[in-house]
Amino acid sequence: MTCILCKGIVYLVQTQAAKGSTKEEIAKIITKVCIFFRIEDERVCIGIVSVFQDEVLTVLDDLALSPEEVCGVLVGKDCGIPYNPLNSWNISLPNTPKPPVVPHTLPKPGSPSVRVLHLTDIHLDKVYQPGSNAVCNEPLCCHVDDGLPAPGTPGAGHYGDYRSCDTPPWTLEGLFSHLVSKQEQFDYIIWTGDLPSHTVWNQTRAGQTSLLTSLTDLLVKYFPNKRIFPALGNHESAPVNSFPPNFVTGNQSISWLYDSLVESWKAWLPEETYSTIKQGAFYTISPFPGFRIISLNMNDCNNQNWWLLLNTTDPNGQLEWLAQTLQFAEDKKEKVHIIGHIPPGVSDCLEAWSYNYYMLIDRYESTVTGQFFGHTHFDHFEIFYDQATLKRPTNVAYISPSVTPFSDLNMGYRIFIIDGNYTGSSWEVLDHATFILNLTAANAQPLANPEWQLEYTAKAAYSMKSLFPEDWDNLITKMKNNDTLLQTFNRYYYKSHAEDRCDDTCRKSLLCGLKSGRSHSPELCSDLGISSLQEFQYLTTLKKVC
């Protein structure tokens, strides 16, 4: 959402409400404005206002904030001054002192390893139509009702399309069949959300839960002997990004979705996880001795979640729970991997939530040995630095590439190689391998089985001896001046579908994103010559997340 659009919506709603207009009348006016200014076409405008009117109008009706205060929270400080009681807060950390930090060391040669398949951002489109119009001027195309392509313009590809289209069902089943053929190469799966397509103007609760069930059944069918650890995306709700905290009850409660998560996820998760899933769609589980996985609901930091305007302070107590869980793990000398959807350092993550999360990673840097997210559809990472100096790298969040090609990307997945299940294991990431489906090649042979191919492995591609936080920080330093290395990273960022060279603006944007484990923090990028909040906001939103 842009700053101008945010302020315009808030001003219009508040002005009409002050005149005594009903919610239905306000919705009709917003629809007309959407159509008149061609924000979207008529069909999308009608659908999107219908889907969102209850949430947005209910929230704004309960607020006494100006458009600048509302949009300062949702969009960022560059858009307005956020209302401080909503924007600034801190959780309490356990009183246990932080233990001394031990330098990272590689495991002894021959030590066991564990391989982890990461699937994220499937965005399954059950009504994808090959040959249909892929340039429909709507948020998502490639459907029968988008009509035929213009003369001389290719229609939607059989296995997917680089234009505004999501994942066809047969392409997803082809991916799963391919993974079954190599399932000896991974031990368990992390699945980090965003299941539905981008038809956000035409989605219902029933449709979302039905898709959740069908995708769960599909994973069970193809991987009956694999443990799967899921996390919730921002597209699973209806409307998209709508995740009311649990103080919102009645028909507007999110319990319809969280109860459905329990029903689906119980295929892999034990009963002791159900209470926190129902509370806020987060949980923890220990699949091996000395090792713990924590799955977070990152919609508690989602700046498109209008419900958070009512109270952004640690929704559902998730971060307090995270602090207690990390302390429990530290006390038991466990290592922890955190999985989630929205990366904590992107502009989509609210500043106060991101700041508190960053503080927790700093405190428990010796316990948290891996973080795994999705959401952006790109292939990158975020470095965390010590809070005292913002100089010493302490942790890495890996952001894996999406299955969906939306938009202008190849399709992808990743396998992580991790220090394995033995006494004294570090559970650190040792390497990762990224695989892609080249849509140009696949669509050229629609009757053949598409070929998923190894794109690269991290250590080989970047000449790294290890993948510790300091190694990734060193890679950033090298890319400041090594253009060949920068272009290589940029190519993989786009899953080998980067059409342009990475120029100086791209370099600043890319490297600043890699240094930003905390959102809205330009001080993390000061060494790149980024000195103002305005420049930081511009650079960190160039590569738009989905």
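Within each chain, residue numbers correspond to sequence positions counted from 1 in written order. With pLDDT at 70 or above as the cut-off, local features in this predicted model cover only qualifying residues; side-chain atom pairs require 80 or more to be listed or tallied, and sums for whole chains, interfaces and linings still use all residues. Side-chain numbers come from the whole structure's heavy atoms, not from hydrogens or water.

Now for the overall build of the chain. Each helix is a run of DSSP H or I of at least 4 residues and each strand a run of E of at least 2, with the numbering of both proceeding from the N terminus. When helices and strands are counted, the chain shows 17 helices and 12 strands. On C-alpha atoms alone, the chain measures out to a radius of gyration of 23 Å, which is about the 24 Å that the 2.2 N^0.38 rule sets for 546 residues. With the C-alpha coordinates of the chain rotated into their principal frame, the extents come out at 70 × 60 × 50 Å. When a residue's accessible area, from a 1.4 Å probe over protein chains only, is under 20% of the maximum for its type it is buried; when over 50% it is exposed; and in between it is partly exposed. When each of the 546 residues of the chain is scored for burial, the buried share is 59%. When we talk radius of gyration, it's over C-alpha atoms, and the globule rule is simply 2.2 Å times the number of residues to the 0.38.

Once that is clear, we can look at helix H10 (residues 318-331). Between the first and last C-alpha of H10 there are 20 Å, a value that for 14 residues agrees with the 20 Å anticipated at 1.5 Å per step. Counting buried positions over the 14 residues of H10 gives 10, a clear majority of the element. Restricting attention to buried positions, one finds in H10 the residues Gln318, Leu319, Trp321, Leu322, Ala323, Thr325, Leu326, Gln327, Ala329 and Glu330. The secondary structure elements touched by the buried residues of H10 are helix H9 (274-280), strand E4 (283-288), strand E5 (291-295), strand E6 (335-339), helix H11 (351-363) and strand E7 (368-373). Lys333 occupies a position one or two residues after H10 and carries a positive phi of about 60°. One less than the residue count of a helix, multiplied by 1.5 Å, gives the span that helix is expected to have. Every residue pair with non-hydrogen atoms within 4.5 Å of one another is taken to be in contact.

Attention now moves to the packing of aromatic side chains. In summary, the pairing rule links any two rings of Phe, Tyr or Trp, Trp by its six-membered ring, whose centres are within 6.5 Å, and it sorts them by plane angle into stacked for under 30 degrees, edge-to-face for over 60 and tilted for everything else. Inspection of the entire model under this criterion finds 33 aromatic pairs. Ring centres 5.4 Å apart and planes at 75° place the aromatic pair Phe378 and Tyr494 in the edge-to-face group. Placement of the pair is Phe378 in the loop between E7 and strand E8 (380-385) and Tyr494 in the loop between helix H15 (483-493) and helix H16 (504-515), with a sequence separation of 116 residues. Taking relative accessible area as the criterion, Phe378 reaches 10% and is therefore assigned buried. An aromatic cluster of three or more residues is present, and its members are Phe372, Phe381, Tyr398, Phe416, Tyr456, Tyr462, Trp472, Phe489 and Tyr492. Above the face of the Phe186 ring, Lys226 is positioned so that its terminal group lies 5.0 Å from the ring centre. By definition here, charges over rings are those cases where NZ of Lys or CZ of Arg is within 6 Å of the ring centre and within 35 degrees of the ring normal. A cation over an aromatic ring shows up here: Arg363 above the ring of Tyr364, its NZ or CZ 4.3 Å from the ring centre.

In this section: the sheet that holds strand E1 (residues 113-119). Either a parallel or an antiparallel arrangement is found when strands of a sheet pair, and the pairing is made through backbone hydrogen bonds. Here a strand pair is declared whenever DSSP counts at least two bridges between the two strands. Strand order in the open sheet formed by six strands is E3-E2-E1-E10-E11-E12, with mixed pairing between adjacent strands. Both edges of this open sheet fall to strand E3 (227-230) and strand E12 (452-457), since each of them pairs with a single strand only. The mean inter-strand angle of the sheet, taken between neighbouring strand axes irrespective of direction, is 25°. Sheet analysis places strand E2 (residues 188-191) next to E3, joined by four bridges and oriented parallel. Paired with Ile190 across the bridge in E3 is Phe229. Fitting a line to C-alpha atoms yields each axis, with helices limited to the stretch in contact; the angle taken between N-to-C directions then spans 0 to 180 degrees.

Along helix H17 (residues 533-540), the residues classified as buried are Phe536, Gln537 and Leu539. Summarising the contacts, the buried residues of H17 are in contact with H16.

Bringing the state of the cysteines into the picture now. Throughout, a disulfide means two cysteine sulfur atoms within 2.5 Å of one another. For the structure on display, the rule yields eight disulfides. One disulfide bridge connects Cys34 with Cys45, the sulfur atoms lying 2.0 Å from each other. Taking the sign of the S-S torsion, about -75° here, the bridge from Cys34 to Cys45 comes out left-handed. Highlighted residues: Cys34 in helix H2 (residues 23-36) and Cys45 in helix H3 (residues 42-61), separated in sequence by 11 residues. One disulfide bridge connects Cys512 with Cys525, the sulfur atoms lying 2.1 Å from each other. Taking the sign of the S-S torsion, about 90° here, the bridge from Cys512 to Cys525 comes out right-handed.

Glancing now at unusual backbone geometry. Cis rather than trans, the peptide bond between Ala238 and Pro239 has omega equal to 5°. Secondary-structure assignment places Pro239 in the loop between E3 and helix H8 (255-265). The amide bond that connects Phe406 to the next residue, Ser407, takes the cis arrangement and shows omega of -5°. Locating Ser407 in the fold gives a position in the loop between strand E9 (393-399) and strand E10 (411-419).

The UniProt record marks Asp121, His123, Asp194 and His377 with the feature "binding site: Zn(2+) 1" (unreviewed entry), using the residue numbering of this structure. Across 257 residues, the annotated set stays spatially compact, with a maximum C-alpha separation of 10.5 Å. Tracing the chain through its elements places Asp194 in the loop between E2 and helix H7 (205-222). A 3.5 Å cut-off defines polar contacts: any pair of N or O atoms within that distance qualifies, except that in protein one atom must be a possible hydrogen donor and the other a possible acceptor, and neighbouring residues in sequence count only when both atoms are side-chain atoms. Engagement of the side chain of Asp194 in a polar contact is seen with the backbone nitrogen of Asn234, the distance being 3.0 Å. Within the element layout of this structure, His377 appears in the loop between E7 and E8. UniProt positions are given in the numbering used here, feature names are shortened, and annotations may be inferred rather than shown by experiment.

To count toward a patch, a residue needs a relative accessible area over 30% and no salt bridge; like charges are then connected within 9 Å, while nonpolar side chains (Val, Leu, Ile, Met, Phe, Trp, Tyr) are connected within 5 Å. In these tables, accessible area is a Shrake-Rupley quantity obtained with a 1.4 Å probe, and a residue counts as shielded only by the protein chains included in the view. The salt bridge definition used is simple: a Lys or Arg side-chain nitrogen within 4 Å of an Asp or Glu carboxyl oxygen. Residues Leu5, Phe36, Phe37 and Ile39 make up a contiguous nonpolar surface patch of roughly 430 Å² in combined accessible area. The topology assignment puts Phe36 in helix H2. Of the residues examined, Phe36 reaches a relative accessible area of 65% and is grouped as exposed.

Pairing is possible between side chains that carry opposite charge, provided their charged atoms lie close to one another. Using the criterion set out here, one finds 17 salt bridges in the structure. For the salt bridge of Asp145 with Arg43, the shortest nitrogen-to-oxygen distance reads 3.0 Å. Within this pair, whereas Asp145 is found in the loop between E1 and helix H6 (169-181), its partner Arg43 is found in helix H3, the two being separated by 102 residues in sequence. Residue Asp161 pairs with Arg163 through a salt bridge whose shortest N-O separation is 2.7 Å. Among the residues examined, Asp161 registers a relative accessible area of 7% and is labelled buried. Each of Arg43, Glu138, Asp145 and Asp146 takes part in a single network of salt bridges with overlapping partners.

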